[in-house]
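Structural overview
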Amino acid sequence: MKHKGLGFLLVAGLLSMTLLSACGDMQIQSEFSTAPCSLFFDNQTEHQDATLAQAMTQYSGVFTTITTTSQSGAQYFVFVNNQGGSSRVAFGAKDKLRQQSGQLILGLNGGLIVGSGNLRGEFYAYDRECPNCFDSNALPLHSYPLKVNNIGIASCSHCHRTYDLNNGGIIASGNGGKKMTRFRAVTTGAYGLLSVR
């Protein structure tokens, strides 16, 4: 009788150790990144950009890549969406103040992808860099920007993974790894306000 009880405890202990070690191998990824990101864009009264408005329309499945550029001393937002639209909008006075005060940070390496998924109508903001290739601590820093096709699939030309933007940025094809880096985002509609944190 004592041998059966001891055997049971031994098996239970081994099973517990196996389960605990299996859990230790699992990668747990938070829904939202804690990396610095800060964008406030007034598409209601200040800018009224049509390229961005398409991405801010619920259930549209349109995703817009946001970057900045400068030309002749002026700063611009650059918008390119997955439906072939593109535009450039000059910084307003409030945008310049946000940039000067460090309140304009477009993700890990100067680029965001925003849009409303066509599955649940959820509004998403993703970092433009591939989460499995880009390392912000690498020297020298290498950029691995994702390209978005017309159905909302982002692809990395380096690792060849694809990510489903309509479904939380999960890996759609390729080796396992991390899903897309996501930031908290809110919009009040197509020609409304956009906030990404």
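What you are looking at is a predicted structure, and each value in this text was computed from that prediction instead of being measured.

Reading the values: rules and limits
- Residues numbered from 1 in each chain as written.
- Predicted model: local features only at pLDDT ≥ 70, side-chain atom pairs only at ≥ 80, totals over all residues.
- Heavy atoms only, no water.
- Pairing = 2+ DSSP bridges.
- Helix = DSSP H or I, 4+ residues; strand = E, 2+ residues; numbered from the N terminus.
- Core = buried A, V, L, I, M, F, W, Y, C linked by side-chain atoms within 4.5 Å.
- Buried < 20%, exposed > 50% of the residue type's maximum accessible area, 1.4 Å probe, protein only.
- Contact = heavy atoms within 4.5 Å.
- Axes fitted to C-alpha atoms, helices over the stretch in contact; angles between N-to-C directions.
- Salt bridge = Lys/Arg side-chain N within 4 Å of Asp/Glu carboxyl O.
- 1 Å grid on protein atoms, 1.4 Å probe; cavity = no way out; pocket = protein on both sides within 12 Å on 5 of 7 lines; lining within 4 Å.
- Points joined across faces, edges and corners; volume = space filled by probe spheres on them.
- pLDDT = per-residue confidence, 0-100.
- Polar contact = N/O pair within 3.5 Å; in protein donor to acceptor, adjacent residues only side chain to side chain.

**Some points on the sheet that holds strand E6 (residues 123–127)**
Pairing within the open sheet is antiparallel, and its six strands lie in the order E4-E3-E2-E5-E6-E11. Since the sheet does not close on itself, it has two edges, and those belong to strand E4 (86–90) and strand E11 (182–183), each with one partner. Looking at chain direction, strand E3 (residues 74–81) and E4 are connected through five bridges and run antiparallel. Its bridge partner being in E4, Tyr76 is matched across the sheet by Ala90.

**Regarding unusual backbone geometry**
Look at the link from Leu139 to Pro140: it is a cis peptide, with omega at -5 degrees. Looking at the element boundaries, Pro140 is found in the loop between E6 and strand E7 (147–148). A positive phi angle is found at His160, which is not glycine, with a value near 70 degrees. Structurally, His160 is set in the loop between strand E8 (153–155) and strand E9 (162–164).

**A closer look at the nonpolar core**
Counting residues in each nonpolar core, the largest one holds 20 residues, and the members touching the most others are Leu39, Leu52, Ile66, Phe77, Leu194 and Val196. Mapped by element, the contributors of at least two residues to this core are strand E1 (39–42), E3, strand E5 (112–116), E6 and strand E13 (193–196). Every residue in contact with Leu194, bar those within four places of it in the chain, is listed here: Leu39, Phe40, Phe41, Leu52, Met56, Ile66, Phe123 and Val186. In terms of nonpolar packing, the next biggest core, distinct from the first, is built from 14 residues, Ile113, Tyr126, Cys133 and Met180 among them.

**So, the sheet that holds strand E12 (residues 185–187)**
If you walk across this open sheet you meet the three strands as E1-E13-E12, and the pairing is antiparallel. Here the strands that pair on one side only, and so sit at the sheet edges, are E1 and E12. Strand-to-strand twist across the sheet, computed as the mean angle between neighbouring axes with direction ignored, equals 5 degrees. Sheet topology places E12 next to E13; three bridges connect them, and they run antiparallel. The residue of E13 that forms the bridge with Val186 is Ser195.

**Quick notes on the pattern of salt bridges**
Between side chains of opposite charge, pairing is possible as soon as their charged atoms come close. Evaluation of the coordinates by the stated rule reveals five salt bridges. The partner of Glu31 in a salt bridge is Lys179, with the nearest N and O atoms 3.3 Å apart. Here the residue Glu31 occupies a position in the loop between helix H1 (2–25) and E1, and Lys179 occupies one in the loop between strand E10 (170–173) and E11, the gap between them amounting to 148 residues. Owing to a relative accessible area of 36%, Glu31 belongs among the partly exposed residues under this scheme. A salt bridge links Arg120 to Glu122; the shortest N-O distance between them is 3.9 Å. Salt bridges sharing partners connect three or more residues here, namely Glu31, Arg120, Glu122, Lys179 and Arg182.

**Things to note about the layout of surface pockets**
What the second largest pocket holds in volume is close to 200 Å³. For the lining of the second largest pocket, the elements supplying multiple residues, two or more each, are strand E2 (63–71), E3 and E7.

**Brief notes about the confidence of the model for the chain**
Across the chain, the average pLDDT comes to 89, with 85% of residues at or above 70. Contacts of residues 5–27 to residues separated by more than four positions or lying in other chains number two contacts, the stretch itself having pLDDT below 50.

**Quick look at the pairing of E10**
Two elements, E9 and E10, share three bridges in a ladder whose sense is antiparallel. Considered in E10, the bridge of Tyr163 is made with Ile171.

**As for the environment of Gln71**
Tracing the sequence through the fold places Gln71 in strand E2. With sequence-adjacent residues up to four places away left out, Gln71 is seen in contact with Tyr76 and Arg88. A polar contact is formed between the side chain of Gln71 and the side chain of Arg88, at a distance of 2.5 Å.

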